[in-house]
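# A closer look at the structure
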Amino acid sequence: MKKIIGIGETILDIIFGKNQDGEWQPRKSVAGGSTFNSIITLGRLGMKTTLVTELGNDRVGLDIMEFMQKNGVDTGHIDIYNPKDGKTPVSLAFLDENNNAEYTFYHQFPADRLNVAIPLINEGDIIIFGSYFSVNPALRNRITEILEFANTRKAIVYYDPNFRKAHSHEAMKLMPSIIENLEYANIVRGSDEDFETLYKLDNPEKVYIDKIKFYCPNFIYTRGGKGVEFYCQQGHRHFDVPDIGKPVSTIGAGDTFNAGIIFGLIRHNITLDNLNTLTLDEWAPIVQYAIEFSSKVCMCQENYLPEEIAMQYR
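Basis of the calculations
- Residues numbered from 1 in each chain as written.
- Predicted model: local features only at pLDDT ≥ 70, side-chain atom pairs only at ≥ 80, totals over all residues.
- Heavy atoms only, no water.
- Core = buried A, V, L, I, M, F, W, Y, C linked by side-chain atoms within 4.5 Å.
- Buried < 20%, exposed > 50% of the residue type's maximum accessible area, 1.4 Å probe, protein only.
- Contact = heavy atoms within 4.5 Å.
- Salt bridge = Lys/Arg side-chain N within 4 Å of Asp/Glu carboxyl O.
- Helix = DSSP H or I, 4+ residues; strand = E, 2+ residues; numbered from the N terminus.
- Expected span 1.5 Å × (residues − 1).
- Axes fitted to C-alpha atoms, helices over the stretch in contact; angles between N-to-C directions.
- Left-handed = near helix turned anticlockwise from the far one by under 90°.
- Pairing = 2+ DSSP bridges.
- Polar contact = N/O pair within 3.5 Å; in protein donor to acceptor, adjacent residues only side chain to side chain.
- Phe/Tyr/Trp six-rings, centres within 6.5 Å; stacked < 30°, edge-to-face > 60°.
- Lys NZ or Arg CZ within 6 Å of the ring centre and 35° of its normal.
- Right-handed = clockwise from strand over helix to strand, strands pointing away.

### Re the nonpolar core
The biggest cluster of nonpolar side chains holds 54 residues, and the ones touching the most others in it are Leu45, Ile261, Leu265 and Trp283. If sequence neighbours within four positions are ignored, Leu45 has contacts with Phe263, Phe293, Leu305, Ala310, Tyr313 and Arg314.

Given below as structure tokens:
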């Protein structure tokens, strides 16, 4: 069975919203992290999953690890560090009137990070990685070591830059690592916000031609309610997304979209050998899974596909 190997941060999201008096109140706490959210969805879908990540050996970290195991995720490649050296990170997510989130992060990491064995990677496996975690100078050597191994093993590498405004002042300094990630990738998926932050560009075709195509032929540009733009060597196609009204939360929307693409690749038995020869018609049902998953997660308070919905696809 093909494996999905995620590389990314794990964090506790505490979600806030305003009450009737306009005061901020906590609504819920959920385990999160961009790649983490994708992996949890894929675990619930019955996929064979593992996550390369780091957690503190504290109450929060141990609870998150138990949650991963309950959702079918292998926890054998987690760097668990001593509480005296660092704590499991926490984010505060403040939802605006449209239930889009603005984040504040709190973290304390040890000096030696991601000190874990590389998972066994076989031909046909899929690697998903991204966000600031993938370009963080403190982790960069370890990240590239895993990606180099994945490329030699003929795994499909899926990259989501997930580059947010909080790190916009670092974009120029981190650009060499971002470009290197594009070179490792076989599929790149990002939101309009990501590329506006990175390149000051809001035209998806220009982003693809000027910034992506030279490094990676398969590109997915998501635009919220405006739909999805898909580019590959065979051309371009626009995909509409359903009108879901006011979302409950958009925190896991992009992450669950990523899970949908990966689910579609595995269900349609796509490997590195045939990935770049897929026609637009062959890509269409794969993208449709992503749109369905993303729409459904926007209507719940979890960051991942709800279990009862995931069961319908298993």
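### Brief notes about the pattern of salt bridges
Across all of its chains, the model carries 15 salt bridges by this definition. Linking Glu145 and Arg142 is a salt bridge whose minimum nitrogen-to-oxygen distance equals 2.7 Å. You can see Glu145 and its partner Arg142 sitting in helix α3 (residues 140–152), three residues apart, about one turn around the helix. Residue class for Glu145 comes out partly exposed when judged on its relative accessible area of 41%.

### Notes on helix α7 (residues 253–267)
Given a rise of 1.5 Å per residue, 15 residues ought to cover 21 Å, and the 21 Å separating the end C-alpha atoms of α7 matches this to within 8%. In terms of burial, α7 is a largely internal element, 13 of the 15 residues being buried. Asn269 occupies a position one or two residues after α7 and carries a positive phi of about 55°.

### So, the packing of α7 against helix α9 (residues 280–297)
Helix-helix packing is described using two parameters, namely the angle between the two axes and the distance between the axes. Contact geometry for α7 and α9: axes closest at 7 Å, N-to-C directions at 145°. By crossing handedness, the relation of α7 to α9 is classed as right-handed. Residues Ala253, Thr256, Phe257, Ala259, Gly260, Ile261, Phe263, Gly264, Leu265 and Arg267 of α7 form the contact with α9, whose own contacting residues are Trp283, Ile286, Val287, Tyr289, Ala290, Ile291, Phe293, Ser294 and Val297.

### A few points about the pairing of strand β12 (residues 218–222)
β12 sits mainly inside the fold: five of its five residues count as buried. Of the two faces of β12, the one lined by Asn218, Ile220 and Thr222 and the one lined by Phe219 and Tyr221 are each fully buried. Relative to β12, strand β11 (residues 187–191) is paired through five bridges, and the arrangement is parallel. Bridge pairing links Val188 to Phe219 in β12. Pairing geometry for β12 and strand β13 (residues 228–232), over four bridges, is antiparallel. Counted as the bridge partner of Tyr221 is Glu229 from β13. The turn linking β12 back onto β13 is made up of five residues, and Gly224 within it adopts a positive phi angle of 60°.

### Some details on the environment of Asn258
Structurally, Asn258 can be placed in helix α7. Since its relative accessible area comes to 1%, Asn258 is described here as buried. Excluding residues within four positions of it along the chain, Asn258 makes contact with Ser38, Ile128, Tyr158, Asp160 and Arg189. There is a polar contact of 3.0 Å between the side chain of Asn258 and the side chain of Asp160.

### Focus on the packing of aromatic side chains
Evaluation of the coordinates by the stated rule reveals 23 aromatic pairs. Measuring from centroid to centroid gives 4.8 Å for Phe293 and Tyr313, while their planes differ by 80°, and the two rings are edge-to-face. Residue Phe293 is located in helix α9, and its partner Tyr313 is located in helix α10 (residues 307–313); the two are separated by 20 residues in the primary sequence. Through successive ring pairs, a cluster of aromatic residues spans Phe195, Tyr199, Tyr208, Phe219, Tyr221 and Tyr231. When the ring centre of Phe109 is taken as reference, the NZ or CZ atom of Arg113 above it lies at 3.8 Å.

### Section: the side chain of Thr49
On the secondary structure map, Thr49 appears in strand β4 (residues 48–56). According to the relative accessible area criterion, Thr49 is buried, its value standing at 5%. A polar atom in the side chain of Thr49 sits 3.3 Å from the backbone oxygen of Gly72. Sequence-distant contacts of Thr49, that is, excluding residues within four places in its chain, are made with Ile4, Ile39, Leu42, Gly43, Gly72, Val73 and Asp74.

### So, α9
Since there are 3.6 residues in each turn of an α-helix, residues three or four apart along the chain are aligned in direction. Helix length check: α9 (18 residues) gives 26 Å between terminal C-alpha atoms against 26 Å at 1.5 Å per residue, within 8%. Residues of α9 that are buried include every one of Leu280, Trp283, Ala284, Ile286, Val287, Tyr289, Ala290, Ile291, Phe293, Ser294, Ser295 and Val297, and no others.

### Concerning the pairing of β4
The element β4 is extensively covered by neighbouring structure, given that eight of its nine residues are classed as buried. Pairing geometry for strand β1 (residues 3–7) and β4, over five bridges, is parallel. The residue bridging Ile4 from the neighbouring strand is Thr49, located in β4. Bridge analysis of β4 against strand β5 (residues 73–74) gives two bridges, and the strand direction is parallel. Counterpart to Thr49 in the pairing with β5 is Val73. With helix α2 (residues 59–70) bridging β4 and its parallel neighbour β5, the resulting β-α-β unit is right-handed. Strand direction decides the pairing type here: β4 and strand β6 (residues 78–81), joined by four bridges, are parallel. Paired with Gly56 across the two strands is Tyr81, which belongs to β6.

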